[in-house]
Amino acid sequence: MLRVYNTLTRKTEDFQTLEPGKVRMYVCGVTVYNDAHVGHAMSALVFDVIRRYLEYRGYNVKHVMNFTDVDDKIINRANQLGEDPLRLAQRYIDDYRQNLTDLNVLPATSNPRATQTMTEILSMIRGLIEKGYAYPAPNGDVYFRVTKDADYGKLSGRRIEDMQAGARIEVEELKEHPMDFALWKAAKPGEPAWDSPWGKGRPGWHIECSAMNLAEFGEQIDIHGGGNDLVFPHHENEIAQSECFTGKPFSRYWMHNGMLQLGGEKMSKSLGNIVSIKEFLSRREADVMRMLVLNGSYRAPLMFNEETLDSAEKGLERLKSGLRPAAPSASGLSTEAASALATLSEATQQAFTDSMDNDFNSSGALAALFELVRAINTARDAGAKDEQLAPARSTLRTLAGVLGLRLAEKKSSGDADRFVDLLVEVRTEARKQKNWAMSDLIRDRLKELGVVIEDGKDGTIWHW
RNA sequence: GGCGACGUGGCCAAGCGGCAAGGCAAGGGUCUGCAAAACCCUCAUCAUGGGUUCAAAUCCCAUCGUCGCCUCCA
């Protein structure tokens with residue numbers, strides 16, 4: 001039984017979907033006004049793993065991730081650069097898509113955008129006004145009336161009264177209550193604007209997600225995800241809008257990933273302590289970022305620094321070591337040893353599923369994989385042939401694949417392999433003649449070219 | 001100030017009432033011409049102080065500390 005931690009109830013609950021076998025999952029994407037950073041990557045990776053595992057468990061997953069392509073930040077940045085805001089947004093959408101591809105994140109089933117959901121946004125705002133949950137202000141803004149929503153604050157566990165104590169809320173006479181938030185913002189001159197019953201303007205941040213959900217899924221969904229910095233106000237406001245509009249519970253499960261920590265602080269655009277995804281990928285393999293995420297718990301803060309990255313990279317190498325070929329002259333494994341490997345391979349699948357079923361405990365799942373790797377390597381050391389290792393390796397590949405790990409060896413450049421084979425052969429000959437100087441020279445020079453040579457009991461193997 | 005999460009070996013990190021997973025690092029060993037890799041072995045009583053229980057890292061209370069949110073934010 002799959003169990004999922006639900007932010008709404010602060011409990012781990014059995015996972016049951018609205019429709020048997022189908023999962024409706026909505027994850028908040030990014031506001032596109034700048035290069036995405038590794039914190040965004042963490043979130044994308046977390047929900048990619050969740051999605052892959054749900055599919056592995058047999059669910060048909062509809063995964064929707066939005067792009068916020070119109071808001072103050074985009075407009076400001078566009079003005080700075082002298083670029084059209086919508087073009088700027090498009091540019092960063094393309095970039096982000098590329099980032100996700102590079103990170104081996106499966107493309108979402110659909111990527112709606114605020115600017116393309118205008119009809120639904122407007123009809124939702126209209127509906128909320130009709131039901132008394134929203135009101136237009138004299139200047140053309142439309143606000144949500146939080147005091148009208150008895151449940152307001154249930155996701156983040158806040159009460160309206162408590163929040164005012166913080167006193168960081170500026171009082172606007174346009175609002176009936178300081179906590180009221182904008183559904184529609186009247187346009188200032190030169191800003192991108194859409195026609196509405198309240199004059200030209202653009203949607204507030206929160207309404208787009210409610211509207212997209214309605215457009216993509218209907219009134220109710222199974223999973224709503226995002227970073228835990230979105231719990232308040234964004235998701236709180238989404239719930240308020242959606243539930244007041246439809247009169248039904250919005251999302252069954254609310255899932256939030258923890259924040260990536262850089263030097264003890266959250267990495268964010270406003271703090272300026274950013275490592276972009278592009279920058280990261282220029283220095284490390286995509287699987288390294290994924291290993292880092294997988295090693296921890298998706299809900300907890302994630303330490304991002306050279307030390308944790310090195311560790312993740314080594315762990316990744318170790319996982320790959322299980323995939324290395326046996327020596328061609330391997331003598332073969334005894335039947336007992338072979339069946340022991342098969343048994344452990346099955347146990348690994350079970351342990352993997354048990355862990356992942358427990359609120360996507362990827363760290364435990366990884367532990368199962370490491371144990372399988374050790375068994376494979378032991379078998380190889382004991383003289384197993386490639387055919388004998390194949391089933392266990394296939395399990396390893398499959399399960400690693402469920403986590404989204406590619407475990408790719410650095411790719412050879414086509415024909416080069418044949419020449420490396422030749423050099424290794426020559427070296428073997430040199431070793432037979434105890435010409436250590438020559439054999440070491442070949443080994444060292446190949447290493448400089450990125451080829452690693454390993455002399456084993458049953459002969460020499462190599463890999464990139 | 002309010003709300004919430006969390007504090008497990010040198011580092012990252014599982015565990016959620018019954019002898020403390022896993023990875024990295026470190027030390028010792030096997031293998032090797034040497035090396036690399038692999039394999040074997042060693043390495044924690046769980047922030048602190050109380051309490052509940054036959055039994056607690058796991059439940060309760062307090063203290064200290066860290067982080068997130070309360071403003072745009074994955």
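Residues numbered from 1 in each chain as written. Chains lettered and ligands numbered in written order. Predicted model: local features only at pLDDT ≥ 70, side-chain atom pairs only at ≥ 80, totals over all residues. Heavy atoms only, no water.

Draft legend 1. Inspection of the domain arrangement of chain A at higher detail. The domain boundaries assigned to chain A delineate domain 1 (3-281), domain 2 (312-402) and domain 3 (416-463). Computed from C-alpha atoms alone, the centre-to-centre distance between domain 2 and domain 3 is 27 Å. Across the interface of domain 2 and domain 3, roughly 510 Å² is buried in total on both sides, 56% from carbon and sulfur atoms. Linking domain 2 with domain 3 are zero salt bridges. Viewed at the interface, domain 3 and domain 2 are joined by zero residue pairs in polar contact (both at pLDDT 80 or more). (Domains from an automatic or database assignment. Buried area = accessible area lost by both parts, 1.4 Å probe. Salt bridge = Lys/Arg side-chain N within 4 Å of Asp/Glu carboxyl O. Polar contact = N/O pair within 3.5 Å; in protein donor to acceptor, adjacent residues only side chain to side chain.)

Draft legend 2. Here's a closer look at the sheet that holds strand S4 (residues 60-68). In space, the four strands of this open sheet follow the order S4-S3-S9-S10, with parallel pairing throughout. Among the strands making up the open sheet, the edge pair consists of S4 and strand S10 (251-257). Going from strand to strand, the sheet's axes swing by 20 degrees on average, the running direction of each strand aside. Pairing of strand S3 (residues 22-31) with S4 involves eight bridges; the strand directions are parallel. Across the sheet, residue Tyr-26 finds its bridge partner in S4, namely Val-64. Relative to the sheet, helix H3 (residues 85-102) contacts S3 and S4, its axis offset from that of S4 by approximately 140 degrees. Of the strands in this sheet, S3, strand S9 (221-227) and S10 touch helix H7 (residues 231-246), which is tilted by about 160 degrees from S9. (Pairing = 2+ DSSP bridges. Helix = DSSP H or I, 4+ residues; strand = E, 2+ residues; numbered from the N terminus. Axes fitted to C-alpha atoms, helices over the stretch in contact; angles between N-to-C directions. Contact = heavy atoms within 4.5 Å.)

Draft legend 3. Empty space enclosed by the protein, seen in detail. Applying the stated criterion across every chain yields a total of two cavities of 30 Å³ or more. Within this model, the largest cavity holds a volume of roughly 80 Å³. Counting only elements with at least two residues in the lining of the largest cavity, the list comes to helix H1 (38-56) and helix H9 (286-295). The element that contributes the greatest number of residues to the lining of the largest cavity is H1, accounting for three residues. Its residues assigned to classes, the lining of the largest cavity shows eight nonpolar, one polar and no charged. (1 Å grid on protein atoms, 1.4 Å probe; cavity = no way out; pocket = protein on both sides within 12 Å on 5 of 7 lines; lining within 4 Å. Points joined across faces, edges and corners; volume = space filled by probe spheres on them. Nonpolar A, V, L, I, M, F, W, Y, C, P; charged D, E, K, R; others polar.)

Draft legend 4. Region of the structure containing the confidence of the model for chain A. In this model, chain A carries a mean pLDDT of 91, and residues with pLDDT of at least 70 account for 95%. A low-confidence stretch, residues 165-169 (pLDDT under 50), is modelled with four contacts involving residues beyond four sequence positions or located in other chains. (pLDDT = per-residue confidence, 0-100.)

Draft legend 5. Structural view of the packing of aromatic side chains. Scanning the entire structure with this criterion turns up 15 aromatic pairs. A centroid spacing of 6.2 Å and a plane angle of 85 degrees characterise the contact between Phe-67 and Tyr-96, whose relative ring orientation is edge-to-face. Residue Phe-67 is found in strand S4, and its partner Tyr-96 is found in helix H3; the two are separated by 29 residues along the sequence. For the pair formed by Phe-67 and Tyr-96, the shared burial category is buried. One aromatic cluster is present, formed by Tyr-53, Tyr-56, Phe-352 and Phe-360 through successive ring pairs. When the ring centre of Phe-419 is taken as origin, the NZ or CZ atom of Arg-418, which lies over that ring, is 5.7 Å away. (Phe/Tyr/Trp six-rings, centres within 6.5 Å; stacked < 30°, edge-to-face > 60°. Buried < 20%, exposed > 50% of the residue type's maximum accessible area, 1.4 Å probe, protein only. Lys NZ or Arg CZ within 6 Å of the ring centre and 35° of its normal.)

Draft legend 6. Local environment of the sheet that holds strand S8 (residues 201-203). With antiparallel pairing, the four strands of this open sheet are ordered in space as S5-S6-S7-S8. Unpaired on one side and paired on the other, strand S5 (134-136) and S8 mark the two borders of the sheet. Averaged over all pairs of adjacent strands, the angle between strand axes in this sheet comes to 20 degrees, irrespective of strand direction. Alignment of strand S7 (residues 181-186) against S8, held across three bridges, turns out to be antiparallel. Across the sheet, the residue bridging to Lys-185 is Arg-202, located in S8.

Draft legend 7. Fine view of helix H15 (residues 436-448). Helix length check: H15, at 13 residues, gives a terminal C-alpha distance of 18 Å against a target of 18 Å (1.5 Å per residue), a fit within 8%. Inspection of H15 places Ser-439, Ile-442 and Leu-446 among the buried residues, and these make up the whole buried set. For H15, the buried positions fall inside an angular range of 60 degrees around the axis, keeping them on one side. The outward face of H15, more than 90 degrees from its buried face, is lined by the exposed residues Ala-437, Lys-447 and Glu-448. In this structure, the buried residues of H15 make contact with helix H14 (416-432) and strand S14 (452-456). The positive-phi residue at the C-terminal boundary of H15 is Gly-450, with phi of around 95 degrees. (Expected span 1.5 Å × (residues − 1). Arc of directions from axis to C-beta.)

Draft legend 8. Structural detail: the pairing of S7. In terms of burial, S7 is largely enclosed, as five of its six residues are buried. With three bridges connecting them, strand S6 (residues 142-144) and S7 associate as antiparallel partners. Of the residues in S7, the one forming a bridge with Tyr-143 is Ala-182.

Draft legend 9. Inspection of the state of the cysteines at higher detail. Within the structure shown, the criterion is met by zero disulfides. Residue Cys-28 stays outside any disulfide, its sulfur separated by 4.0 Å from that of Cys-209, the closest cysteine. Since its relative accessible area comes to 8%, Cys-28 is described here as buried. (Disulfide = S-S within 2.5 Å.)

Draft legend 10. Here's a closer look at H9. In terms of burial, H9 is a largely internal element, nine of the 10 residues being buried. Residues of H9 that are buried include every one of Ala-286, Asp-287, Val-288, Met-289, Arg-290, Met-291, Leu-292, Val-293 and Leu-294, and no others.

Draft legend 11. Focus on the nonpolar core. Formed by 82 residues in total, the largest nonpolar core has its most connected members in Leu-54 and Phe-360. In terms of residue count, H1 provides more of this core than any other element does, 11 residues in total. Once you skip the residues sitting within four places of it in the chain, Phe-360 turns out to touch Leu-2, Val-4, Ile-50, Tyr-53, Leu-54, Met-255, Tyr-298 and Ser-355. Among the nonpolar cores identified, the runner-up in size contains 39 residues, and Ile-125, Tyr-152, Phe-217 and Cys-244 belong to it. (Core = buried A, V, L, I, M, F, W, Y, C linked by side-chain atoms within 4.5 Å.)

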